[in-house]
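Report on the structure
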Amino acid sequence: MKRRISIILIAMISLIISSNLSVMAYELPHAFWGLDAGYSNATSSKNYDETINYGVQIINLISSEPKNEQTINILGSRTYDVAFAYFMNGDYTNAAKYFEMYIPYGKQLGWTDGVIIAENCVKQFTNTFDVYQATEQSQKVYGAKNEPNGVLYGQVADKAKSNESMTLLYLEYGDESTFGWTRAMLDKAETQNKAVEIALNFPQEGTTVRNINSSDSFLSNLRSMLSSYKNVPIYLRIGAEFNVWGDKCTPDEFVSAFKAVANSVSGLSNVATVWSMAHTSSWKTNDWPYTADDFYPGDEYVDWVGVNCYASKYFQGRVWQGESRYNEVCFKTGYSSDPVVMIKDAVEKYGGRKPIMISECGSAYRTNGDINETDSEWAAKYLKQIYTFIPMVYPQVKLIAYFNAKMNYEVNYYNLDGDSELQNAYNDVTESPWFIQNNNTNSAGQFFKKAGSTIRMNGDTTLYAYPHIYGVNVEYYLDGEHVKTTNEIAYTVQLSDIKGTHDLRVVANGNNGVSMTREYQLVSYAPAEKAEDFSDTSYLNNGQKNAVNYTISNDIMTGYENNTFRPDATITRAEFAAVICRMMGYNVGENSSFADTKYHWSSKYVNACVKADIIHGIGDNKFAPDNHITVEQAVKILTSAYGYANSKTQYPDGFMSAAQKYNLFDNVTSSRLGTDVKRIDVAVMLYNAAKN
């Protein structure tokens, strides 16, 4: 199978600025003309230092003048030229400043190409730096079809490894000759419990789009095949990379074709539809005046949004000299290959309502043609960025698929098996705990949360950093004392045995002289070992304190990062299931089959309780994990777990009577039906049950 390859056509542009200022009616300040003469000489001779010198003076002078056609024209041209001069001098911070200043003028003047260049340069040249903390809690849950709890990862089907949790395979629209191979790959995925991304390519791109209709036999046969794999989560990627096709189509044509395919698989519980774009679109022209967003079919037809993410050292396999280097910035190649920036627009546009997948990715270790270069170190570095920074910064991303294939006719080679350093980088980074391993129904072992001004911890924590700065190391300081300097992605530090309140300073240093600092208050409490260690349990009676001591010492319940137990807080049905599993020592293995807990953090706990026949859900194949649990619901589960009641016991009275018989309500604050259970009452009932 092959990946759809499309050449991005670019336009070499220049801003055509009117220099015949004398014909305009507005009288410019006298000082302008001398500055403008120096500016004109500087720009014509490509003297970037002098362009900046005179250009900045002109901008400062004209900015205080009334806004009219003449002054806006001057400000637009000078801000662009000054920004470009800073870019050529390697001062990216000031380049970003003046490109950003240029954008509103460029838009007002209709200089579309200049605006596109400026917007891309602002994204690339604006330095950002954030710190993230490891957490066990998922930071983004959609409840979408086939949504996992963590990040699925894998590669092309014929090279898939057993520890990977998904696989990628390709189909060409209209070609059923590969259905046998597809079934074989789906059979293998089903056996190995892998999710599957099926890339349904449109072989003639726009021509194929215009020939698709809902009555195609290919569609009915595709549905038939996919419907026979109900246990395999399938992500059907329909006509990907439409925004860089050579044989283009209109948005209306594409949307019609996408809907026809999506409708053909509607109703299949295991198939999620994916609308997937290339991370950078072809340049807009009069003949093709569209953005990727114009091709979106609508939320009702799209389950997931996909974007590719290819890092290559050389744009179109060539070195861009002089001012043409803006191409590397606009098309996110070379040292502008930051994967977070590549997918930023797609995530910010669609990630608020749809899970995101990196539907294809790769990092080029080899560039053919005139370049004729292999750079394994560069490729390994950017592969690590893809698999580290994307899950860190964007919890919306739930799947990353690697295109491990060598296409001899391509200028870049991305295949893992072609370069040992790249392969080793992939093997290492995909062992990270934020990836789902082996079975697609497993959960990730770790997630990220962006650090606020205060970082709370119970003695130990792991911190990571995402710096968007050219060439970087990160330094960590605790109360002014140096802790660690690292240039290894993901710039990790582990802090252990920390107690009390401390100042944390994190510094990112770029090799272009840029340095950014983030400061935090680190608040750490030693894990409580008894009720008296918590700051909010002093009012409890002795029986309640004994209950807290029991649940803490037996690792059944825990406190919170700010050294509180929160006795009066309510508890969810999911949290209660987890507590019962710890109390009873249930084996927690497979995920639950309830529709609303399959990919919930509590899935394995709920499933263990189902297997123990103490949880049966609320009907309609749902468990309602995030609802508060009521007294009677908690009592039903607890008395069933201890054998005080069974499936024949009448609900709720029979279970409540059993709880009273075995003194489970001693020292609880409320045993009234319909009451949401408090954490202290959970601890008390568990303690009372354990005493019997």
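Quick caveat: nothing in here was measured; it's all calculated off a predicted structure. (Residues numbered from 1 in each chain as written. Predicted model: local features only at pLDDT ≥ 70, side-chain atom pairs only at ≥ 80, totals over all residues. Heavy atoms only, no water.)

1. Focus: the overall build of the protein
For the record, the criterion: Helix and strand definitions follow DSSP, with helices as H or I runs of at least four residues and strands as E runs of at least two, each counted in order from the N terminus. For the exposure calls, accessible area comes from a 1.4 Å probe over protein chains only, and a residue counts as buried if that area is under 20% of its type's maximum, exposed if over 50%, partly exposed in between. The contact rule is simple, with two residues in contact once any of their heavy atoms fall within 4.5 Å. Per-residue and other accessible areas follow the Shrake-Rupley method at a 1.4 Å probe size, with only the shown protein chains counted as cover for residues.
If you tally the helices and strands in the protein, you get 19 helices and 20 strands. Reported as C-alpha extents along the three principal axes, the dimensions of the protein are approximately 100 × 65 × 50 Å. In the protein, which comprises 692 residues, the share counted as buried stands at 56%. Relative to all contacts within the protein whose residues are 6 or more apart in sequence, the contacts with residues 24 or more apart total 75%. Carbon and sulfur atoms provide 44% of the accessible area of the protein, an area that totals close to 28,600 Å².

2. Regarding the sheet that holds strand 19 (residues 500-510)
The condition is simple: At least two DSSP bridges between two strands are needed for those strands to be called paired. All axes are obtained by fitting lines to C-alpha atoms, using only the stretch in contact for helices, and the reported angles, taken between N-to-C directions, cover 0 to 180 degrees.
Read across the open sheet, the five strands follow the order 14-20-19-16-17; overall the sheet is mixed. If you trace the sheet from one side to the other, it starts and ends with strand 14 (454-457) and strand 17 (481-486), each paired once. On average, each strand axis in the sheet is inclined to that of its neighbour by 25°, with strand direction left out of account. Of the strand pairs in this sheet, strand 19 and strand 20 (residues 515-524) are connected by 10 bridges, and their pairing is antiparallel. The residue bridging Val507 from the neighbouring strand is Thr517, located in strand 20.

3. Some remarks on the sheet that holds strand 6 (residues 271-277)
Strand order in the closed barrel formed by eight strands is 2-3-4-5-6-7-8-11, and the pairing between neighbours is parallel. The sheet shows a mean angle of 30° between the axes of neighbouring strands, direction not considered. Two elements, strand 3 (residues 166-172) and strand 4 (residues 195-201), share seven bridges in a ladder whose sense is parallel. The residue of strand 4 that forms the bridge with Thr167 is Val196. Along the sheet, helix 9 (residues 251-264) makes contact with strand 4, strand 5 (234-238) and strand 6, crossing strand 5 at roughly 155°.

4. Side note on the nonpolar core
This is how it is decided: Among buried residues, the Ala, Val, Leu, Ile, Met, Phe, Trp, Tyr and Cys ones that are joined through side-chain atoms within 4.5 Å form a nonpolar core.
Within the largest apolar cluster, 135 residues are counted, with the highest numbers of intra-cluster contacts made by Leu226, Phe254, Trp275, Ile343 and Tyr387. Residues within four places of Ile343 in sequence aside, it is in contact with Val307, Asn308, Cys309, Ile358, Ile390, Tyr394 and Val397. By size, the runner-up hydrophobic cluster in this structure holds 49 residues, among which are Val606, Phe655, Met685 and Leu686.

5. Side note on the confidence of the model for the protein
Applied cut-off: For every residue, the pLDDT score states the predictor's confidence, bounded by 0 at the bottom and 100 at the top.
This prediction gives the protein a mean pLDDT of 90; 96% of its residues lie at or above 70. Within the protein, no element has a lower average pLDDT than helix 10 (residues 326-330), which sits at 82, and none a higher one than strand 5, at 98.

6. Details of the packing of aromatic side chains
This is how it is decided: The criterion for an aromatic pair is that two Phe, Tyr or Trp rings (for Trp, the six-membered ring) have centres within 6.5 Å, with stacked assigned to planes under 30 degrees apart, edge-to-face to planes over 60 apart and tilted to the rest.
Enumeration according to the criterion identifies 51 aromatic pairs in this entry. Measuring from centroid to centroid gives 6.4 Å for Trp434 and Phe435, while their planes differ by 45°, and the two rings are tilted. One exposure class covers both Trp434 and Phe435, and it is buried. Plain terms: the ring middles of Tyr644 and Tyr662 are 3.9 Å apart, the flat faces sit at 10° to each other, and that makes the pair stacked.

7. Remarks on helix 6 (residues 179-192)
For clarity, the threshold we go by: Working rule for helices: expected span equals 1.5 Å times residues minus one. By arc we mean the arc of the directions from the helix axis to the C-beta atoms, nothing more.
Its 14 residues place the ends of helix 6 20 Å apart at the C-alpha level, agreeing with the 20 Å of an ideal helix rising 1.5 Å per residue. Among the residues making up helix 6, those that are buried are Phe179, Thr182, Met185, Leu186 and Ala189. Within helix 6, the buried residues cover an arc of 120° as seen down the axis, which keeps them to one side. Exposed side of helix 6, more than 90 degrees from the buried face: Gly180 and Thr191 are the residues found there. In this structure, the buried side of helix 6 is in contact with strand 3, strand 4, helix 8 (217-227) and strand 5. A positive phi of about 60° marks Asn193, the residue just after helix 6.

8. A short note on the pattern of salt bridges
It is possible for side chains bearing opposite charge to pair when their charged atoms get close. Under the convention used in this document: Salt bridges, as used here, are contacts in which a Lys or Arg side-chain nitrogen is within 4 Å of a carboxyl oxygen on Asp or Glu.
Scanning the entire structure with this criterion turns up 17 salt bridges. The closest approach of N and O atoms between Lys107 and Glu119, which form a salt bridge, is 3.7 Å. Here Lys107, found in helix 4 (residues 92-109), pairs with Glu119, found in helix 5 (residues 112-125); they are 12 residues apart in sequence, far enough to count as distant. Judged by relative accessible area, which is 31%, Glu119 ranks as partly exposed.

9. Focus on the pairing of strand 5
Cut-off, in case you're wondering: Seen with its strands pointing away from the viewer, a crossover is right-handed if its path from the first strand over the helix to the second goes clockwise.
Buried residues dominate strand 5, accounting for five of its five residues. Side chains of strand 5 alternate between two faces, with Ile234, Leu236 and Ile238 and Tyr235 and Arg237 buried alike. Summarising the sheet, strand 4 and strand 5 pair through five bridges and their orientation is parallel. Residue Glu197 lies in a different strand from strand 5, and its bridge partner there is Tyr235. Direction of pairing for strand 5 relative to strand 6: parallel, over a ladder of four bridges. Within the sheet, the bridge partner assigned to Leu236 lies in strand 6 and is Thr273. A crossover links strand 5 with its parallel partner strand 6, the connecting element being helix 9, and its sense is right-handed.

10. Brief notes about a negative patch on the surface
What counts is decided by this rule: A patch is a set of surface residues, each over 30% in relative accessible area and not in a salt bridge, joined within 9 Å for like charges and within 5 Å for the nonpolar side chains Val, Leu, Ile, Met, Phe, Trp and Tyr. Charge assignment: positive for Lys and Arg, negative for Asp and Glu; neither His nor the chain ends contribute. Lys charges are placed at NZ, Arg charges at CZ, Asp charges at CG and Glu charges at CD.
Among the surface-exposed residues, Asp479, Glu481, Asp503 and Glu519 lie close enough to one another that they form a single negatively charged patch. For Asp503, the position within the fold is in strand 19. For Asp503, a relative accessible area of 52% translates into the label exposed.

11. Remarks on helix 11 (residues 339-350)
Filter applied, for reference: Counting of polar contacts relies on pairs of N or O atoms within 3.5 Å, with two restrictions inside protein: one atom must be capable of donating a hydrogen and the other of accepting it, and residues adjacent in sequence are counted only when both atoms are side-chain atoms.
Compared with an ideal rise of 1.5 Å per residue, which puts 12 residues at 16 Å, helix 11 spans 17 Å between its outermost C-alpha atoms and is within 8% of the ideal. For helix 11, the complete set of buried residues consists of Pro339, Val340, Val341, Met342, Ile343, Ala346, Val347 and Tyr350. Where helix 11 starts, the residue carrying a side-chain oxygen 2.9 Å from the main-chain nitrogen of Val340 turns out to be Asp338.

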